[in-house]
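Below are the chains, spelled out letter by letter.
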Amino acid sequence: MKMPDLALPAGIDMCFGTSPQEVAERLANTVAGFLQARLEAAPRASLAVSGGSTPAPFFQALSVKDLDWGRVDIVLVDERWVDEADPASNTRLVKQTLLQNKAAAAQFFSLKQPGKTPQEGLDAAEAEIAELTQPLDVLVLGMGNDGHTASLFPDAPGIEAAMDPGSRQSLAAVAPLSQAQPRITLTYAMMRAARLAILHLKGNDKMETLKRALEQPDDSLAMPVRGFLKPGLSIFWSP
């Protein structure tokens with residue numbers, strides 16, 4: 001397959017394949033290898049993942065990797081404020097596809113906590129992730145065609161605070177105007193500290209969005225994904 005027509009800044013790597021399954025397998029190998037290296041150097045390792053339809057094959061491929069999963073912490077980068085039984089729940093997706101097989105032994109930190117709104121549940125969510133291994137070892141992000149990543153949406157009131165690189169907050173409650181549900185998300189400050197950052201994309205539309213994001217890399221409030229388009233990022237893409 002021909003390399004997509006994309007001018008990447010120095011220090012950003014790209015892996016591409018002919019199918020989502022092929023890229024999912026490569027991504028699973030990369031993540032498992034990095035986690036294994038961290039487990040050889042530290043008592044525990046951490047993995048932050050995204051929801052949506054794109055990561056499901058990656059989750060399934062990763063779940064069968066031979067790791068000491070009992071020493072791995074898993075957290076979502078964001079969650080819609082819905083019950084776990086709701087099809088829109090990212091927690092439901094992770095439990096059905098990633099926390100299976102060998103990965104069932106991993107420790108999962110749930111962002112969805114009691115409370116009618118993300119704001120009401122924010123303190124409980126902060127307490128939930130207090131024991132999460134930090135800084136994050138592996139961060140796997142997705143991207144929307146508006147340039148959002150995690151639940152850092154350009155039209156979310158208060159996005160400036162959630163995108164503040166100097167913030168001491170790990171989580172933010174957000175209510176993007178374009179979205180049906182309010183959400184809770186890891187802050188940019190927490191995610192940017194990850195040892196390995198990966199952007200996992202599928203579709204030609206996402207390639208076009210990525211090209212737009214790279215045109216003005218410093219305007220991260222307009223397209224929050226731009227905050228991660230830095231040296232050290234790995235991009236995994238399939239058509």
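Calculation criteria
- Residues numbered from 1 in each chain as written.
- Predicted model: local features only at pLDDT ≥ 70, side-chain atom pairs only at ≥ 80, totals over all residues.
- Heavy atoms only, no water.
- Phe/Tyr/Trp six-rings, centres within 6.5 Å; stacked < 30°, edge-to-face > 60°.
- Buried < 20%, exposed > 50% of the residue type's maximum accessible area, 1.4 Å probe, protein only.
- Helix = DSSP H or I, 4+ residues; strand = E, 2+ residues; numbered from the N terminus.
- Pairing = 2+ DSSP bridges.
- Axes fitted to C-alpha atoms, helices over the stretch in contact; angles between N-to-C directions.

**Remarks on the packing of aromatic side chains**
Overall, the coordinates contain two aromatic pairs when judged by the stated rule. With 5.6 Å between their ring centres and 45° between their planes, phenylalanine 58 and phenylalanine 59 make a pair best called tilted. Taken as a pair, phenylalanine 58 and phenylalanine 59 share a single burial class, namely buried. With a centroid separation of 5.1 Å and 80° between ring planes, the pair formed by tyrosine 188 and phenylalanine 228 is classed as edge-to-face. Residue tyrosine 188 is found in helix α6 (residues 188–192), and its partner phenylalanine 228 is found in the loop between α7 (204–215) and β10 (234–238); the two are separated by 40 residues along the sequence.

**Looking at the sheet that holds strand β2 (residues 45–49)**
If you walk across this open sheet you meet the seven strands as β1-β10-β9-β6-β2-β3-β5, and the pairing is parallel. Every interior strand has two partners, whereas the edge strands, β1 (13–16) and β5 (107–109), have only one. Across the sheet, the mean angle separating the axes of adjacent strands is 20° when strand polarity is ignored. Strand direction decides the pairing type here: strand β9 (residues 196–202) and β10, joined by five bridges, are parallel. Note on β10: the bridge partner recorded for lysine 202 is serine 238.

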